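This is what each chain is made of:
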Amino acid sequence: QVQLVESGGGSVQAGGSLRLSCAASGRTFKYYAMGWFRQAPGKEREFVAGINYNGGTTNHADSVKGRFTISRDNAKNTVYLEMNNLKSEDTAVYYCATPRSGTAVRTTEAGYDYWGPGTQVTVSS
């Protein structure tokens, strides 16, 4: 059974930084793509960043390009989201996700099957 658990969320002032982690278990982590999504109050969940199975290919939403970076450590079964220069509009619950199968980056919710419970990020201006 695949399990994903996010951590690292919290409250930060605008311009600050946070690093989110997502620990995966239940299968061989290194064979699957991973992604980060977020959902702000009153809004639909949106893609933030995705990474392929070995970290060689990444994709970031335009809204976070140059500020956020996705990475993974296959030895630790963990995917990260480094968030810098945070803005109030980054306030959301952040989720990590992985597909049932597949190594390539995917950028839509439909491309993912397993989700973590989420971690709250609050940015105050």
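Residues numbered from 1 in each chain as written. Predicted model: local features only at pLDDT ≥ 70, side-chain atom pairs only at ≥ 80, totals over all residues. Heavy atoms only, no water.

A. Seen up close, the overall build of the protein. Along the backbone of the protein there are zero helices and eleven strands. Listed by position from the N terminus, the elements making up the protein come as β-β-β-β-β-β-β-β-β-β-β. For 125 residues, the compact-globule formula gives about 14 Å, and the C-alpha radius of gyration of the protein, at 13 Å, lands near that figure. In terms of principal-axis extent, the alpha carbons of the protein reach across some 40 × 25 × 25 Å. Considering only residue pairs separated by 6 or more positions, the protein has 60% of its internal contacts joining residues 24 or more positions apart. (Helix = DSSP H or I, 4+ residues; strand = E, 2+ residues; numbered from the N terminus. Rg over C-alpha atoms; globule rule 2.2 N^0.38 Å. Contact = heavy atoms within 4.5 Å.)

B. The environment of Ile70, seen in detail. You can see Ile70 is positioned in strand S7 (residues 68–73). Taking C-alpha positions, Ile70 is 9.7 Å from Arg19, a pair spaced 51 residues apart along the chain. Excluding anything up to four places from it in sequence, Ile70 contacts Met34, Gly35, Trp36, Ala49, Gly50, Ile51, Thr58, His60, Val79, Tyr80 and Leu81.

C. Here's a closer look at the sheet that holds strand S8 (residues 78–83). If you walk across this open sheet you meet the four strands as S1-S3-S8-S7, and the pairing is antiparallel. Both outer strands of the open sheet, strand S1 (3–7) and S7, are each paired with one neighbouring strand and no more. In this sheet, adjacent strand axes meet at a mean angle of 15° when their direction is disregarded. In this sheet, S8 lies alongside strand S3 (residues 18–25) in antiparallel orientation, the contact comprising six bridges. Bridge pairing links Ser21 to Tyr80 in S8. (Pairing = 2+ DSSP bridges. Axes fitted to C-alpha atoms, helices over the stretch in contact; angles between N-to-C directions.)

D. Structural view of the pairing of strand S5 (residues 46–51). Most of S5 is tucked away, with five of its six residues classed as buried. As paired elements, strand S4 (residues 34–39) and S5 share five bridges and run antiparallel to each other. Residue pairing for S5: Gly35 is matched across the bridge by Gly50. Turn length for the S4-S5 hairpin, with the two strands adjacent in sequence and antiparallel, is six residues, and the turn residue Gly42 shows positive phi of about 75°. Relative to strand S6 (residues 58–60), S5 runs antiparallel, the two being bridged by three bridges. Note that in S6 the partner of Gly50 across the bridge is Asn59. Linking S5 back to S6 in an antiparallel pair, the connection comprises six residues, with Gly55 at a positive phi of about 80°. (Buried < 20%, exposed > 50% of the residue type's maximum accessible area, 1.4 Å probe, protein only.)

E. Spotlight on the nonpolar core. Core analysis: the biggest nonpolar cluster contains 31 residues, and Trp36, Val48, Phe68, Val79, Leu81, Met83 and Tyr94 have the highest contact counts within it. Excluding residues that lie within four positions of it along the chain, Met83 makes contacts with Gly16, Ser17, Leu18, Leu20, Arg67, Phe68, Tyr94 and Val121. (Core = buried A, V, L, I, M, F, W, Y, C linked by side-chain atoms within 4.5 Å.)

F. A look at the state of the cysteines. A full pass over the atoms with the stated rule returns one disulfide. The disulfide bridge from Cys22 ends at Cys96, spanning 1.9 Å between sulfur atoms. On the sign convention where negative is left-handed, the bridge of Cys22 and Cys96, at about 45° about the S-S bond, is right-handed. With Cys22 in strand S3 and Cys96 in strand S9 (residues 92–98), the pair connects residues that are 74 residues apart, well separated along the chain. For Cys22, a relative accessible area of 0% translates into the label buried. (Disulfide = S-S within 2.5 Å.)

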